Amino acid sequence: MSAWRLARYSVDMAESVLPPLPDWLTVPSNLNALGAMWPRGAVRDDQGVLCVGGCSVVELAQRFGTPLLVLDETDFRARAKAWVEAFSGWDVYYAGKAFLSKAVARWVDEEGLGLDVCSGNELATALAVGFPASRIGFHGNNKSLDELRQAVEAGVGRIVVDCDEEISRLSAIASDLGKHVRVLVRVTTGVDAHTHEYIATAGADQKFGFSLTNERALAALVACHETPGLALAGVHSHIGSQIFDTAGFSVAAQRTMDLLAAFRDATGVELEELDLGGGAGIAYTPADTPVAVEDFHAGLAAIVEENRTRLGLGALRLSIEPGRAIVGPAGVAVYTVGVVKPQVLEDGSTRVYVSVDGGMSDNIRPALYHADYTGVLANRHSDAVPMAVRVVGKHCESGDILVHDGYLPSDTRPGDVLALAACGAYTRSMASNYNMATKVPVVAVGEGTPRAIMRRETLDDLLRLDLG
Ligand SMILES: *Cc1c(COP(=O)(O)O)cnc(C)c1O
């Protein structure tokens, strides 16, 4: 784009009518400022270049190419440590589905967390770096016989039973291998954390676990208790994700603990373990207000204690499974701008589409759940006026959006580097090869020199799968 064209374009933008924008989005007073959603220690250098974990994202982009996922190891470890410290006395399991690689499994091990996996391949990734199987939990609604056998053979610390078939399958595997399998039973409490409707029937109409709203959950506990080869430890509940208060957990804890009491009354046996799942929310935009981990712990501990007293239950082994809250804020996605296109809408307003070199193949969340993100111009300072933008990818879908609504400087142009905050969770782990895109590399920064912990997929990798 020529300087003349750019200058005119900027003037046009200043005079153009804003497109419809969400209420939460306010015009930033300083487009160069970094908000709370960036990794700890993220700064701009003298030239205005964004630095994460002490590394210039421009240098990282030059060395590793874009699109790129930068993962701040220091930030990841600090958050993992904060969870372990805040939840002292509890077992903290990192939910590997948010993002797992060999390096991440090592970090999780070294910081003393357990690991939650939900497939045989996630389990194999952890075992490949010697993650202690006793600190691994395995959940999922349709674990195959092979996966269950793999988990029992490895000696995982607990398997979260999700259906009747698993009870008999695990019993057969246990008898075959001469082992006892420690199990929790996944229950659905009727708490729908996404809609904040804590009504008793919501949540029954989905695929996970045994419902508490009928007698299924109690029956499953009794079945596990009576089935040879299974050592029933307790109850597991996971109410959802990106949750900003403890109200949903409060209802879930009350209902799961009612179940523990009902099981005690039915069998005379007190179960020892209660897992309240994951779901702690993080900031993707300035409108998000996550609960501090210490407050999250205080809230949950109080709820559990209140119900324990109410029901006369003994001491419980408690666990929690944060995924997003540990890896989400540590990740920064880095893209190169390719096209800046103002589109005049039917109402006469102008929405500027900023197209980058990635998109729904490296981050499906905006398309999948209308997730919001915050992006900044990362390669320079700009004093240009803010323009309302939609950041989109390069895929053949109009829903291929990365930032539905945001502000960037009005001089944002092709070749600029764009960084998106809070991209560590459910991005690379949900990546696809749509349009034959190659999956992005993950570069760890913050401790030692920057290093790729996952390399970029290549066209050769893709063509090797194609048998012609
Ligand atoms: C997804 C999931 C988690 C992690 O959820 P976050 O929102 O990433 O904290 C924990 N436990 C279970 C069972 C899950 O399915």
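Quick caveat, the model's predicted, so the values are computed rather than measured. In every chain, residue numbers begin from 1 and rise along the written sequence. Two thresholds apply to this predicted model, a pLDDT of at least 70 for residue-level local features and 80 or more for giving and counting side-chain atom pairs, whereas whole-chain, interface and lining totals are computed over all residues. The basis for the side-chain values is all heavy atoms of the structure; hydrogens and waters are excluded.

**Overview of the overall build of the chain**
Spelled out, the test is: Secondary structure elements follow DSSP: runs of H or I of four or more residues count as helices, runs of E of two or more count as strands, with numbering from the N terminus. In this description the radius of gyration comes from C-alpha coordinates, and the expected globular size is given by 2.2 Å times residues to the power 0.38. For every residue, the accessible area obtained with a 1.4 Å probe (protein chains only) is divided by the maximum for its type, and the residue is called buried under 20%, exposed over 50%, and partly exposed between those limits. Contacts were defined at the residue level, with two residues in contact if any of their heavy atoms lie within 4.5 Å. Surface exposure here means Shrake-Rupley accessible area, sampled with a 1.4 Å probe, where a residue is shielded only by the protein chains that are shown. Residues scored as charged are limited to Lys and Arg (positive) and Asp and Glu (negative), so that His and the chain ends carry no count. The atom standing in for a charge is NZ when the residue is Lys, CZ when it is Arg, CG when it is Asp and CD when it is Glu.
Helix and strand content of the chain: 13 helices and 21 strands. Computed over the C-alpha atoms, the radius of gyration of the chain is 24 Å, within 12% of the 23 Å expected from 2.2 N^0.38 for a compact globule of 468 residues. With the principal axes as the frame, the chain shows a C-alpha extent of 80 × 50 × 40 Å. Considering the chain as a whole, with its 468 residues, one finds that 54% of them fall into the buried category. Contacts spanning at least 24 positions in sequence make up 72% of the contacts within the chain whose residues lie at least 6 apart. As displayed, the chain has an accessible area near 19300 Å², and 51% of this comes from carbon and sulfur atoms. Separation between the mean location of the 40 positive side-chain charges and that of the 58 negative ones in the chain comes to 4 Å.

**Structural notes on the site of the ligand**
Using the following cut-off: Throughout, near means a residue has at least one heavy atom within 4 Å of the molecule or strand. Whenever a nitrogen or oxygen atom comes within 3.5 Å of another N or O atom, the pair is scored as a polar contact, on the condition that within protein one atom can donate a hydrogen and the other can accept it, and that pairs from neighbouring residues in sequence are kept only if both atoms are in side chains. Lys, Arg, Asp and Glu make up the charged group, whereas Ala, Val, Leu, Ile, Met, Phe, Trp, Tyr, Cys and Pro make up the nonpolar group; the residues left over, Gly among them, are polar.
Near the ligand, the surroundings consist of 15 residues, among which Lys97, Ser241, Glu321, Arg324 and Tyr426 are the closest. In the model, an oxygen atom of the ligand is placed 2.9 Å from a nitrogen or oxygen of the Gly279 main chain. Take Tyr426: an N or O atom from its side chain is 2.6 Å from an oxygen atom of the ligand. Summarising the interface, the protein chains cover 96% of the accessible area of the ligand, which totals 390 Å² for the free molecule. By residue class, the composition of the shell around the ligand is three nonpolar, seven polar and five charged.

**Some words on the environment of Ala388**
Structurally, Ala388 is set in strand E17 (residues 386-392). Here Ala388 falls in the buried class, since its relative accessible area comes to 4%. In this structure, the C-alpha to C-alpha distance between Ala388 and Thr427, residues 39 residues apart in sequence, is 24 Å. Excluding its chain neighbours within four sequence positions, the residues that come into contact with Ala388 are Leu18, Pro19, Leu21, Val352, Gly406 and Tyr407.

**Some thoughts on the sheet that holds strand E3 (residues 55-56)**
As a reminder of what qualifies: Being paired, for any two strands, means DSSP has found at least two bridges between them.
Taken together, the three strands give an open sheet; going across it, the order is E1-E2-E3, and neighbouring strands pair in antiparallel fashion. Among the strands making up the open sheet, the edge pair consists of strand E1 (43-44) and E3. Both strand E2 (residues 50-52) and E3 contribute to a ladder of two bridges, which runs antiparallel. The residue of E3 that forms the bridge with Val52 is Cys55.

**Comments concerning the domain arrangement of the chain**
Here is the rule we go by: Domain delimitation follows an automatic or database domain assignment. By buried area we mean how much accessible surface two parts lose on assembly, using a 1.4 Å probe and totalling the loss over both.
Partitioning the chain into domains gives domain 1 (3-65 + 330-465) and domain 2 (73-327). Between the C-alpha centres of domain 1 and domain 2 there is a distance of 34 Å. Contact with domain 1, which involves 25 residues of that partner, is made by 23 residues of domain 2. Around 2100 Å² of area is buried between domain 1 and domain 2 when both sides are counted, 58% of it from carbon and sulfur atoms.

**Some thoughts on the packing of helix H3 (residues 73-86) against helix H10 (residues 293-311)**
How two helices sit against one another is set out by the angle between their axes and by the gap between those axes. Where we set the bar: Axis lines are fitted to C-alpha atoms, over the contacting stretch for helices. Their N-to-C directions set the angle, which ranges from 0 to 180 degrees. Orientation categories follow fixed angle ranges, with anything under 35 degrees roughly parallel, anything over 145 roughly antiparallel, 65 to 115 roughly perpendicular, and all other angles oblique. The crossing is said to be left-handed when, going from far helix to near helix, the turn is anticlockwise and less than a right angle, and right-handed when the turn is clockwise.
Packing of H3 against H10 leaves a shortest axis separation of 9 Å and a crossing angle of 30°. The pairing of H3 with H10 is recorded here as roughly parallel in orientation. The element H3 and its partner H10 pack so that their crossing is right-handed. Packed against H3, whose contacting residues are Ala82, Trp83 and Ala86, the element H10 presents Val293, Glu294, Phe296 and His297 at the interface.

**Re the confidence of the model for the chain**
Let me state the cut-off plainly: Confidence scores here are pLDDT values: one per residue, from the predictor, ranging 0 to 100.
Taken over all residues, the pLDDT of the chain has a mean of 93, while the share at 70 or more is 94%. Across residues 195-202, where pLDDT falls below 50, the model places 20 contacts with residues more than four positions away in sequence or in other chains.

**A look at the packing of aromatic side chains**
Here is the rule we go by: Here is the rule: rings of Phe, Tyr and Trp (six-membered ring for Trp) pair when centre to centre is within 6.5 Å. Planes less than 30 degrees apart are stacked, more than 60 are edge-to-face, and the remainder are tilted. We call a charge positioned above a ring when the Lys NZ or Arg CZ atom is no farther than 6 Å from the ring centre and deviates by at most 35 degrees from the ring normal.
A full pass over the atoms with the stated rule returns eight aromatic pairs. Considering the side-chain rings of Trp83 and Phe87, the 5.3 Å spacing of their centres and the 10° angle between planes classify their relative orientation as stacked. Of the two residues, Trp83 and Phe87, neither departs from the other in class, the shared state being buried. Each member of the aromatic cluster is reached from another via a ring pair, and the members are Trp83, Phe87, Trp90, Phe249 and Phe296. Its end group placed over the ring of Tyr93, Arg158 keeps NZ or CZ at 3.8 Å from the ring centre.

**Some points on the nonpolar core**
Quick reminder of the rule: Take the buried residues of types Ala, Val, Leu, Ile, Met, Phe, Trp, Tyr and Cys, join any two whose side-chain atoms come within 4.5 Å, and each joined set is a nonpolar core.
Within the largest apolar cluster, 108 residues are counted, with the highest numbers of intra-cluster contacts made by Trp83, Phe87, Tyr94, Val104 and Ile159. The element that contributes the greatest number of residues to this core is helix H9 (residues 247-267), accounting for nine residues. Both domains that furnish three or more residues to this core are identified here as domain 1 (3-65 + 330-465) and domain 2 (73-327). Beyond its immediate chain neighbours, meaning those up to four positions away, Trp83 contacts Val92, Ala280, Val293, Phe296, Ile320, Pro322, Ala325 and Ile326.

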